[in-house]
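Below, each chain spelled out in residue letters.
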Amino acid sequence: MQLGLSVSDSDVSSFTPLVVLELADDTKAEAITWLLNRIRDKQQNGGAELLVNQLLFPAQDDQKPNPNVFVVGSTLQRLLNGAEDVGLFKEFQDGTMRGFTYANRESFNDFNGDGEGFLSDAECQYIIKHELDTLRAKNEEHVPGYPKLKLYPGKSVVRRLQSKGVLNQYFPLHNKEDLKRLSFSWYKKFKLSFQPLDDIRHYFGEGLALYFGFLEYFTFALVPMALIGIPYYLFDWEDYDKYVLFAVFNLVWSTVFLEVWKRCSATLAYGWGTLSRKKAFEEPRAGFHGALGFNPVTGREEPVYPSSKRQLRIYLVSVPFVLLCLYLSFYVMMVYFDMEFWAINIYNEDPSIATSILLFVPSIIYAVVIEIMNLLYRFAAEFLTDWENHRLESSFQNHLVLKVLVFNFVNCFASLFYIAFVMQDMVLLRQSLATLLITSQILNQVMEAFLPYWLQRRRNKKVHKRMRRLMGDKELPLLGQVKLETEMNTYLGTFDDYLEQFLLFGYVSLFSCVYPLAAVLVVLNNITEVYSDAFKMCHVFKRPFSEPATNIGVWQLAFETMSIIAVVTNCALIGLSPQVKAYFPESDTQLILIVVAIEHVLLAFKFILAFVIPDVPKHIQVNLAKLEFDSLEAFKKRVSTHLYMCTYLSHANRKCGSLYDRPCQEVLQCK
């Protein structure tokens, strides 16, 4: 049954499709009618006041197409009002970034005429997503056609449908022309230059642009480490006394690297208008469930889940599970050492080319096992974190990040710590670090770049062949584009990307003084990572919704924690140096005390350096203070105007009776 207008390229000119909405193919007709009416209804009636049309795909011989695919758009006026609702920041005439208001629209740069082109596609799609997410139930007790799918006043309709599988997915459409220009300037030509971060932000949003900004910054920051590491590798390979200087440089580098990144991040966020943007009120997660209760903040009914139950799930189930996984990780590590000793014994009995190659086999197998264990643990951690039933997405992400980081850190670095500080075998440490680093990079490139590219290329060929068979010579690019993008993989966010960079940072900051080429390998990996990630974002994944971001969030804390661990690790490695040990031939205790004292001094120096280097550049601090002052002055002016009007109308009310009675009450309410 056709519930909306069927859309082809000849009649889609009524509005520009920005977002695709796909319901389950067996969704009840009354539920679809109700949802479309709510999306189209006026805001004052509780609707989203958006434009939505149905896409009808031609019938296929081998499979029945999903009839419940819709495209969503909006009028320009609605988008401009929505930009004010979401607190979008745009460049003001004085060059500062200010919250957009429709009343002052003429005072913003690039606002010409009726505002056509003022908002980017990504901003328009973000506004539409916000309006869909905040579409709330009114007096409905359940979704029409689904008596068991309960609703209550204030419940997010889209989140409810999504959590119950009625809404399969909704995602923003790619803009072919903008994507083509971005692809050409981003990855289609190999060049040693900065990435087009402003273009990436314009197309994908601030969250993704900040990740690529961090990836670029991390890569350039590694160049000094790589340049110093090459001569260390070539001339001082077997002279472990020389790695003391490299370890000291490592400590200073890791601190300065993170502190300067904060300034770079603040500069980017200020230029994009997110640094001073107020964080929106966070709604409950789509999967959050509980008994119906009352939210004292919003005044709405919503599910309530006791915090005590969540804490019991965390400490009685999640924590023991994580500890069990850590135990299994240690067990696998000991099996790896048994294999390593076996390979070394074979080589000692019969030194040859074959047995020398055999020395690397245990480390390669262990690196592959580490990647598999990390992958399996990730699924388990997501399931557990979801089962803990966190109310907010930020709380869910923080608990998930903590679980994953703890396991990945132990799984990837425990063997290196054991070799360095228990076995104290620097040759084996260098060999294991090199093998783990190289193998993990190869596996990541295969799993993250080549495999998704190959699968998507096959999928694209099938879709194009099917659409050509169905449509013949008739050109329907919109139907083909929507069909292709609905079958693309969904980009799950920057979590895995930051996790990979976190582990690479660990390899460099913790043990690179033993293997100076670590920074060189990470630089090469990140260069290929930029191009492979750029290609994936443009051609493998669905276009993600733009997400405003001020910084890299919890990952900043994760990197800083790793840098503190690096101080302890490098100080311990310095203490194990034969050159340092020679100064304390008879007293290990004195050596340990001196190493601990140096470690504390370096930590103090690290924290002083972090304090001395401001997180936000001075000129940005001045601009933010100026904006805050202007906002306060504008508020005072509005208040004084309201007070004057109230006094004037009250005086007029006494003279003229009830003539000004109603206006005076309205002004008093404004006050």
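Under the annotation held in an unreviewed UniProt entry, the protein chain carries the name Anoctamin and is attributed to Sinocyclocheilus rhinocerous. Recorded under Sequence similarities (unreviewed entry), the UniProt text for the protein chain is reproduced unchanged: "Belongs to the anoctamin family." One UniProt comment on the protein chain, placed under Subcellular location (unreviewed entry), says "Membrane".

Attention shifts here to the overall build of the protein chain. Along the protein chain, the regular secondary structure elements total 21 helices and 10 strands. Burial analysis of the protein chain (671 residues in total) assigns 49% to the buried set. When the accessible surface of the protein chain is summed, it comes to about 33,300 Å², and 62% of that surface belongs to carbon and sulfur atoms.

Here we take up helix H11 (residues 361-387). The end-to-end C-alpha separation of H11 is 39 Å, in line with the 39 Å expected for 27 residues at 1.5 Å each. If you check which residues of H11 are buried, you get Pro-362, Ser-363, Tyr-366, Ala-367, Ile-370, Met-373, Asn-374, Tyr-377, Arg-378, Ala-381, Leu-384 and Thr-385.

Turning next to the sheet that holds strand E2 (residues 51-55). What the 4 strands build is an open sheet, ordered E2-E3-E1-E8; its pairing is antiparallel. Two strands lie at the open edges of the sheet, namely E2 and strand E8 (167-172), each paired on one side alone. Geometrically, the sheet is characterised by an average inter-axis angle of 20° between neighbouring strands, direction not taken into account. As paired strands, strand E1 (residues 19-23) and E8 are joined by 5 bridges and run antiparallel to one another. When the sheet's bridge partners are listed, Leu-21 is paired in E8 with Tyr-170. Sheet strands touched by helix H3 (residues 121-133): E1, strand E3 (69-73) and E8. Its angle to E8, the strand with the most contacts, is close to 150°.

A word on the UniProt feature "transmembrane region" (unreviewed entry) in the protein chain. Residues annotated by UniProt as "transmembrane region" (unreviewed entry) correspond here to residues 208-231, 243-261, 314-337, 357-379, 400-421, 502-524, 554-577 and 589-613. Taken end to end, residues 357-379 has its terminal C-alpha atoms 34 Å apart, with 91% of it in helix and 0% in strand. The span residues 554-577 is 92% helical and 0% strand by assignment, and the distance between its end C-alpha atoms comes to 35 Å.

This part takes up the packing of aromatic side chains. A full pass over the atoms with the stated rule returns 40 aromatic pairs. An angle of 65° between the planes, with centres 6.1 Å apart, marks the rings of Phe-218 and Phe-505 as edge-to-face. In this pair, Phe-218 sits in helix H7 (residues 206-235) while Phe-505 sits in helix H15 (residues 495-511), placing the two residues 287 residues apart along the sequence. Taking the relative accessible area as the measure of exposure, Phe-218 reaches 0% and is therefore buried. A cation over a ring is seen here: Lys-90 above Phe-118, with NZ or CZ 4.9 Å from the ring centre.

Time to look at unusual backbone geometry. Note on backbone geometry: most residues besides glycine have negative phi, and most peptide bonds are trans. Phi is positive for Asn-389, close to 65°, though the residue is something other than glycine. The residue Asn-389 is located in the loop between H11 and helix H12 (393-423) in this model. The backbone phi angle of Gln-424 is positive, close to 55°, even though this residue is not glycine. Of note, Gln-424 is situated in the loop between H12 and helix H13 (426-471).

What follows deals with the packing of helix H9 (residues 307-349) against H12. As a packed pair, H9 and H12 sit with axes 10 Å apart at the nearest point and diverge in direction by 30°. In this view, H9 runs roughly parallel relative to H12, as classed from their interaxial angle. The interaxial crossing formed by H9 with H12 has right-handed handedness. Contact residues: H9 offers Ile-314, Ser-318, Val-322, Cys-325, Leu-326, Ser-329, Phe-330, Met-333, Met-334, Tyr-336, Phe-337 and Phe-341, while H12 offers His-399, Lys-403, Val-406, Phe-407, Val-410, Asn-411, Ala-414, Ser-415, Tyr-418, Ile-419 and Met-423. Here the residues of the contact of H9 with H12 sort into 17 nonpolar, 5 polar and 1 charged.

Now for a nonpolar patch on the surface. On the surface, Ile-438, Ile-442, Val-446, Met-447, Phe-450, Leu-451 and Trp-454 cluster together to form a nonpolar patch covering roughly 680 Å² of accessible area. Within the fold, Val-446 resides in helix H13.

What follows covers the confidence of the model for the protein chain. Confidence along the protein chain averages 81 in pLDDT terms, with 84% of residues attaining 70 or more. Across residues 1-13, where pLDDT falls below 50, the model places 30 contacts with residues more than four positions away in sequence or in other chains. pLDDT under 50 marks residues 470-475. Its contacts with residues more than four places away, or in other chains, come to 8 contacts.

For E2, the tally of buried residues reaches 4 of 5 residues, placing the bulk of the element in the interior. Across 5 bridges, the pairing between E2 and E3 is antiparallel. In the strand pairing of E3, Gln-54 is matched with Phe-70.

Between helix H5 (residues 176-186) and helix H16 (residues 518-539), the least distance of the axes is 11 Å, while the angle of their chain directions is 175°. Classified by the angle between their axes, H5 and H16 sit roughly antiparallel to one another. Here Leu-179, Ser-183 and Trp-186 of H5 come into contact with H16, specifically with Tyr-531, Ala-534, Cys-538 and His-539. Class assignment for the residues of the contact of H5 with H16 results in 5 nonpolar, 2 polar and no charged.

What counts, and where the lines are drawn
Residues numbered from 1 in each chain as written. Predicted model: local features only at pLDDT ≥ 70, side-chain atom pairs only at ≥ 80, totals over all residues. Heavy atoms only, no water. UniProt positions renumbered as here; feature names shortened; annotations may be inferred. Helix = DSSP H or I, 4+ residues; strand = E, 2+ residues; numbered from the N terminus. Buried < 20%, exposed > 50% of the residue type's maximum accessible area, 1.4 Å probe, protein only. Areas by Shrake-Rupley, 256 points an atom, 1.4 Å probe, with all protein chains shown as cover. Expected span 1.5 Å × (residues − 1). Pairing = 2+ DSSP bridges. Axes fitted to C-alpha atoms, helices over the stretch in contact; angles between N-to-C directions. Contact = heavy atoms within 4.5 Å. Phe/Tyr/Trp six-rings, centres within 6.5 Å; stacked < 30°, edge-to-face > 60°. Lys NZ or Arg CZ within 6 Å of the ring centre and 35° of its normal. Parallel < 35°, antiparallel > 145°, perpendicular 65-115°, else oblique. Left-handed = near helix turned anticlockwise from the far one by under 90°. Nonpolar A, V, L, I, M, F, W, Y, C, P; charged D, E, K, R; others polar. Patch = residues over 30% accessible without salt bridge, like charges linked within 9 Å, V, L, I, M, F, W, Y side chains within 5 Å. Salt bridge = Lys/Arg side-chain N within 4 Å of Asp/Glu carboxyl O. pLDDT = per-residue confidence, 0-100.

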